[in-house]
Amino acid sequence: MKALLLKDYYTLGKSLRLLIFIMVLWSVIPAPFLNMFAVIYGAMIPYSVMAYDQQSRWNVYARMLPCREKEVVLSRYVLGWICTAAGGVTMFVLQNLLSLFFSGFGCSPQAALAALCTGVILLDINVPLMFRYGTEKARWASKLVILLTCAAAGALGSLTSAAAAIPMDAAGWISVMVPALLVLAAAATAVSIPLSMKFYRKNG
């Protein structure tokens, strides 16, 4: 697993540094939509790696290496989890640090957790589609995921803005939404991983 993640790290190369720059940039802007997008965008990173792997026929070579199918599939999820979590921590820390000096900044733990759960759910949708159809044939799927990502970021951003303006009402909605998202993310992951395993074996 570590070797596969290291391979992905080198595959991303300069793209990873660009991702970190964008993540930090979006995290320090006083705009809830962009703040949430900085977190949820991490779920789209495995698509870039899988697209490069498909072009270089990595999946063919991977089957000749001492890597179990489960490790290959799980590495996609772990990469997405790492990128999403990194975005969440970066956004939460920077927003609350800036709130000490400027108005208009700040992020509650509930909002950050909601963004993380949404990113995980989108990852659970994206990865099986990539294994099933491939990155070239699934361009429509990637567009759908991008649309869902923007919609989710916009919805969470609106709730975050509302929480700042009407703390009790919006905070109540978020407190109800977060447990539901946690359950949904866990259920989606439990279904997504076996599906990805099935599609990986079928297309192998």
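The structure presented is a predicted model; accordingly, all values stated were derived computationally and were not measured. (Residues numbered from 1 in each chain as written. Predicted model: local features only at pLDDT ≥ 70, side-chain atom pairs only at ≥ 80, totals over all residues. Heavy atoms only, no water.)

## Describing the overall build of the chain
Across its full length, the chain holds nine helices and zero strands. Going residue by residue from the N terminus, the α and β elements of the chain occur as α-α-α-α-α-α-α-α-α. Within the chain, residue pairs in contact and separated by at least 24 positions form 80% of the contacts whose partners lie at least 6 positions apart. Carbon and sulfur atoms form 72% of the exposed surface of the chain, whose accessible area is close to 10,800 Å². (Helix = DSSP H or I, 4+ residues; strand = E, 2+ residues; numbered from the N terminus. Contact = heavy atoms within 4.5 Å. Areas by Shrake-Rupley, 256 points an atom, 1.4 Å probe, with all protein chains shown as cover.)

## A few points about the packing of helix α2 (residues 14-27) against helix α6 (residues 69-98)
Put simply, α2 and α6 touch, their axes get as near as 9 Å, and they point 35 degrees apart. For the crossing formed where α2 meets α6, the hand is right-handed. Contact residues: L19, M23, V24 and S27 in α2; C83, A86, G87, T90, M91, L94 and Q95 in α6. Taken together, the residues that form the contact of α2 with α6 break down as seven nonpolar, four polar and no charged. (Axes fitted to C-alpha atoms, helices over the stretch in contact; angles between N-to-C directions. Left-handed = near helix turned anticlockwise from the far one by under 90°. Nonpolar A, V, L, I, M, F, W, Y, C, P; charged D, E, K, R; others polar.)

## Side note on the pattern of salt bridges
This structure, assessed with the given rule, holds four salt bridges. Two residues, D8 and K7, come together in a salt bridge whose shortest N-O distance is 2.9 Å. The closest approach of N and O atoms between E71 and R68, which form a salt bridge, is 3.7 Å. Under the relative-accessibility criterion, E71 is labelled buried at 19%. According to the relative accessible area criterion, R68 is exposed, its value standing at 57%. Salt bridges sharing common partners tie together K7, D8 and R76. (Salt bridge = Lys/Arg side-chain N within 4 Å of Asp/Glu carboxyl O. Buried < 20%, exposed > 50% of the residue type's maximum accessible area, 1.4 Å probe, protein only.)

## Considering the side chain of S196
Among the secondary structure elements, S196 is positioned in helix α9 (residues 167-203). In terms of polar contacts, S196 uses its side chain to reach the side chain of Y77, at 2.6 Å. With sequence-adjacent residues up to four places away left out, S196 is seen in contact with V73, Y77, V127, P128 and F131. (Polar contact = N/O pair within 3.5 Å; in protein donor to acceptor, adjacent residues only side chain to side chain.)

## Some remarks on the nonpolar core
Of all hydrophobic cores here, the largest spans 19 residues; its most connected members are V73, Y77, L123, V127, M130, F131 and Y200. Among the elements of the structure, α4 (45-55), α5 (58-62), α6, α7 (109-137) and α9 are those that each provide at least two residues to this core. Among the elements that line this core, the one with the most residues is α7, at six residues. Counting eight residues, the second-largest nonpolar core is a separate cluster that includes L16, L19, M23 and L79. (Core = buried A, V, L, I, M, F, W, Y, C linked by side-chain atoms within 4.5 Å.)

## Thoughts on the packing of helix α1 (residues 2-12) against α4
Between α1 and α4, whose axes approach to 10 Å, the crossing angle comes to 85 degrees. By the angle between their axes, α1 is roughly perpendicular relative to α4. Listed contacts from α4 to K7, D8, T11 and L12 of α1 are I45, V49, Y52 and D53. For the contact of α1 with α4, the class distribution of residues is four nonpolar, one polar and three charged. (Parallel < 35°, antiparallel > 145°, perpendicular 65-115°, else oblique.)

## Regarding the environment of G88
With respect to the helices, strands and loops of the structure, G88 is situated in helix α6. Residues G88 and I40 lie 48 residues apart in sequence; the distance between their C-alpha atoms is 8.3 Å. Excluding anything up to four places from it in sequence, G88 contacts V39 and L116.

## Considerations on α1
Among the residues of α1, L4, K7, D8 and L12 are the ones counted as buried. Viewed end-on, α1 has its buried residues packed into an arc of 130 degrees, placing them on one side of the element. In α1, the exposed positions angled more than 90 degrees off the buried face are occupied by K2, A3 and Y10. Turning to α1, the residues buried within the fold contact α2, α4, α5 and α6. Looking one or two places after α1, you find G13, whose phi comes out positive at around 50 degrees. (Arc of directions from axis to C-beta.)

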